[in-house]
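Remarks on the overall topology
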Amino acid sequence: MAQRFVSIGECMIEMAGGEDRQYRLGYAGDTLNTAWYMRALLGDDWEVDYFTALGEDRYSGDIRAFLDSNGIGTQFIGKVKGRRPGLYMIHQEHGDRHFTYWRDQSAAKLMAEDKDALNGALEGANMVYFSGITMAILHPRARGRLLGAIVRARDAGAKIVFDPNLRPALWSSQRVMASMLTAAASVCDIVLPTHSDEAPVFGDKSVEETAERYLELGVEEVVVKDGANPALIATASQRVTVAPPTGAVVVDPTGAGDSFNGAYLSARLAGKSLQDAATAAHRVAGIVIGQRGALVEPGLVR
């Protein structure tokens, strides 16, 4: 019987490029990006499902077809009448990315409204993955509903994984963001924070402080990403530092952290050590930043 990885979040329409006002349409979103790399790197004994909500419009249908054609399960994706997918544009200028979002009417904001559908999507999952963005786009009551379903999945044996992915612009206040993300992390087995995002909010002076803060919440395994600097992987009994390979050429850093997460988790599920999993994650992230867009062809990262 196949094992199941379920990723929860928002898939958006991505318009990337911007050179001479020419854009390429694609689909992306932090939790979808990680699901993409999980699908690319996990064996056939794993199913990869995506839980979100879409509308009834053409582009919602296109997203379903895109996921289906790439082996990502869509059977748990809800349909919300009158809503559409969110959209964002990436404009590259002077070596940096600039994002503009349209997501006020995103169907994904209502993904946790149907409690039975939510619980059904997580039933039988071996690993459940979500992010701070997943939490941020939901109504406050829906956040509690989502965490409740995640706790039930954990009680049933699922391993719970969380990337805090702090985006202050999506929250009503920094205080609410910090409180909710801490609550979410406290029900997780693995947390994958990014130090540069966490430090301004939580006051962490080092990757070690970021790791320790999550370990104190009861998290079993913390992987602190730090851009081009070494990642720190910490458990209650072990600390491992793994540097990325040198010489990577950065074409587009979109999705780097998400691909790192997917490669790390797939390696751990395959029985790899903390050291080997982080090494594999850096390798995949290095390939992704050398291509345009968040999702690269699976054959490039295998």
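Rules of the game
Here the residue numbers are simple positions, counted from 1 along each chain's written sequence. Predicted model: local features are reported for residues with pLDDT of at least 70 only, side-chain atom pairs are reported and counted for 80 or more only, and whole-chain, interface and lining totals are derived from all residues. Computation of side-chain values: all heavy atoms of the structure, hydrogens and water removed. A run of H or I in DSSP counts as a helix once it spans at least four residues, and a run of E counts as a strand once it spans at least two, with each numbered from the N terminus. Atoms counted for the radius of gyration: C-alpha only. Globule rule: 2.2 Å times residue count to the power 0.38. Exposure is judged per residue with a 1.4 Å probe applied to protein chains only, and the accessible area is read against the type maximum: over 50% gives exposed, under 20% gives buried, and values in between give partly exposed. Residue contacts are defined here by distance: any two heavy atoms, one from each residue, within 4.5 Å place the two residues in contact. The accessible surface values rely on the Shrake-Rupley method and a 1.4 Å probe; as for residues, cover is taken only from the protein chains in view. Charge assignment in this entry is limited to Lys and Arg as positive and Asp and Glu as negative, and neither His nor the chain termini are counted. Charged groups are reduced to one reference atom each: NZ for lysine, CZ for arginine, CG for aspartic acid, CD for glutamic acid. Centre distance within 6.5 Å is the pairing criterion for rings of Phe, Tyr and Trp, where only the six-membered ring of Trp is used; planes under 30 degrees apart are then read as stacked, over 60 as edge-to-face, and the remainder as tilted. Each ring is checked for a lysine NZ or an arginine CZ that lies within 6 Å of its centre and within 35 degrees of its normal; such an atom marks a charge sitting over the ring. Strands qualify as paired when DSSP identifies two bridges or more between them. By definition, the arc is the one covered by directions from the helix axis to the C-beta atoms. All axes here are fitted lines through C-alpha atoms, helices being fitted over the stretch that makes contact, and every angle between N-to-C directions spans 0 to 180 degrees. Roughly parallel refers to an angle under 35 degrees, roughly antiparallel to one over 145, roughly perpendicular to one between 65 and 115, and oblique to any angle outside these ranges. Each residue is assigned to one of three groups, with Ala, Val, Leu, Ile, Met, Phe, Trp, Tyr, Cys and Pro labelled nonpolar, Asp, Glu, Lys and Arg labelled charged, and all others, Gly among them, labelled polar. Multiplying 1.5 Å by the residue count of a helix minus one yields the expected span of that helix. Here a crossing is taken to be left-handed if its near helix is turned anticlockwise relative to the far helix by less than a right angle, and right-handed if that turn runs clockwise.

1. A word on the overall build of the protein chain
When helices and strands are counted, the protein chain shows eleven helices and 15 strands. For the protein chain, whose C-alpha radius of gyration is 18 Å, the value lies close to the compact-globule estimate of 19 Å for 302 residues. With respect to the principal axes defined by its C-alpha atoms, the protein chain has extents near 50 × 50 × 45 Å. A buried classification covers 53% of the 302 residues belonging to the protein chain. Contacts in the protein chain between residues far apart in sequence, at least 24 positions, make up 69% of those at least 6 positions apart. Accessible surface computed for the protein chain: about 13400 Å², of which carbon and sulfur atoms make up 49%. Counting 31 positive and 37 negative side-chain charges, the protein chain places the centres of these two groups 4 Å from one another.

2. Quick notes on the packing of aromatic side chains
Under the defined criterion, the tally for this structure stands at seven aromatic pairs. A ring pair is formed by Phe99 and Tyr101, whose centres lie 6.1 Å apart and whose planes are at 15 degrees; its orientation type is stacked. Residue Tyr101 is classed as partly exposed on the basis of its relative accessible area, which comes to 41%. Through a chain of ring-to-ring contacts, the aromatic side chains of Tyr27, Trp36 and Phe66 assemble into a single cluster. Over the ring of Phe202 we find Arg213; its NZ or CZ atom is 3.8 Å from the centre of that ring. One residue, Arg213, lies across the ring of Tyr214, its end atom 4.6 Å from the ring centre.

3. As for the side chain of Arg103
Assignment of secondary structure puts Arg103 in the loop between β9 (96-102) and α3 (115-122). What Arg103 contacts, discounting residues up to four positions off in sequence, is Glu10, Met12, Gly86, Lys109, Ile133, Ile137 and Leu170.

4. As for the pairing of strand β15 (residues 239-242)
By the alternation rule, side chains of β15 split into Val240 and Val242, which are all buried, and Arg239 and Thr241, of which none is buried. In this structure, the hairpin formed by strand β14 (residues 231-234) and β15 is closed by a connection of four residues.

5. Examining the sheet that holds strand β10 (residues 127-131)
Within a sheet, each strand pairs with its neighbour through backbone hydrogen bonds, oriented either parallel or antiparallel. Read from one edge to the other, the open sheet built from nine strands follows the order β6-β4-β1-β10-β11-β12-β13-β14-β15, with strand pairing classed as mixed. A single partner strand is all that each edge strand has here, and the edge strands are β6 (72-73) and β15. Here β14 runs beside β15; their pairing, made up of four bridges, is antiparallel. Note on β15: the bridge partner recorded for Ile233 is Val240.

6. A closer look at α3
Considered for burial, the residues of α3 that qualify are Leu118, Ala121 and Leu122. Projected down its long axis, α3 shows its buried positions confined to an angular sector of 90 degrees, all on one face. Where α3 is buried, its residues meet β1 (3-8), β4 (46-51), β10 and α5 (140-155). Just downstream of α3, Gly124 is the residue with a positive phi angle, here 80 degrees.

7. A short note on the packing of helix α7 (residues 195-202) against helix α8 (residues 207-215)
At a minimum axis separation of 10 Å, α7 and α8 run at an interaxial angle of 75 degrees. With respect to α8, the axis of α7 lies roughly perpendicular. On the side of α7, the interface is formed by His195, Glu198 and Phe202, while α8 contributes Val207, Thr210, Arg213 and Tyr214. A class-by-class count of the residues in the contact of α7 with α8 yields three nonpolar, two polar and two charged.

8. Examining the side chain of Thr210
Its place among the elements puts Thr210 in helix α8. Given the relative accessible area of 0%, Thr210 is considered buried. Not counting the four nearest positions on each side in its chain, Thr210 is found in contact with Pro193, His195, Glu198, Asp204 and Val224.

9. Quick word on the environment of Ala2
Residue position: Ala2 is located in the segment before β1. Residues Ala2 and Asn126, 124 residues apart in the sequence, show an inter-C-alpha distance of 9.8 Å. Once residues lying within four places of it in the same chain are set aside, the contact partners of Ala2 are Asp45 and Glu47.

10. Let's talk about helix α10 (residues 274-288)
An α-helical turn contains 3.6 residues, so any two residues separated by three or four positions project in the same direction. Compared with an ideal rise of 1.5 Å per residue, which puts 15 residues at 21 Å, α10 spans 21 Å between its outermost C-alpha atoms and is within 8% of the ideal. Every buried residue of α10 is listed here: Leu274, Ala277, Ala278, Ala281, His282, Val284, Ala285 and Val288. Considered in projection along α10, the buried side chains sweep an arc of 170 degrees and stay on one side of the axis. In this structure, the buried side of α10 is in contact with α1 (30-41), β13 (221-224), β14, β15, α9 (256-269) and α11 (298-301).

11. Topic: the packing of helix α6 (residues 174-185) against α7
One can describe the packing of α6 onto α7 by two numbers: an axis separation of 11 Å at closest approach and a directional angle of 120 degrees. Between α6 and α7, the crossing angle belongs to the class labelled oblique. Of the two elements, α6 crosses α7, and the hand of that crossing is left-handed. Taken together, the residues of α7 that come into contact with α6 (itself represented by Gln174, Met177, Ala178 and Thr182) are Pro200, Val201 and Phe202. Each residue belonging to the contact of α6 with α7 can be placed in one class, and the counts come to five nonpolar, two polar and no charged.

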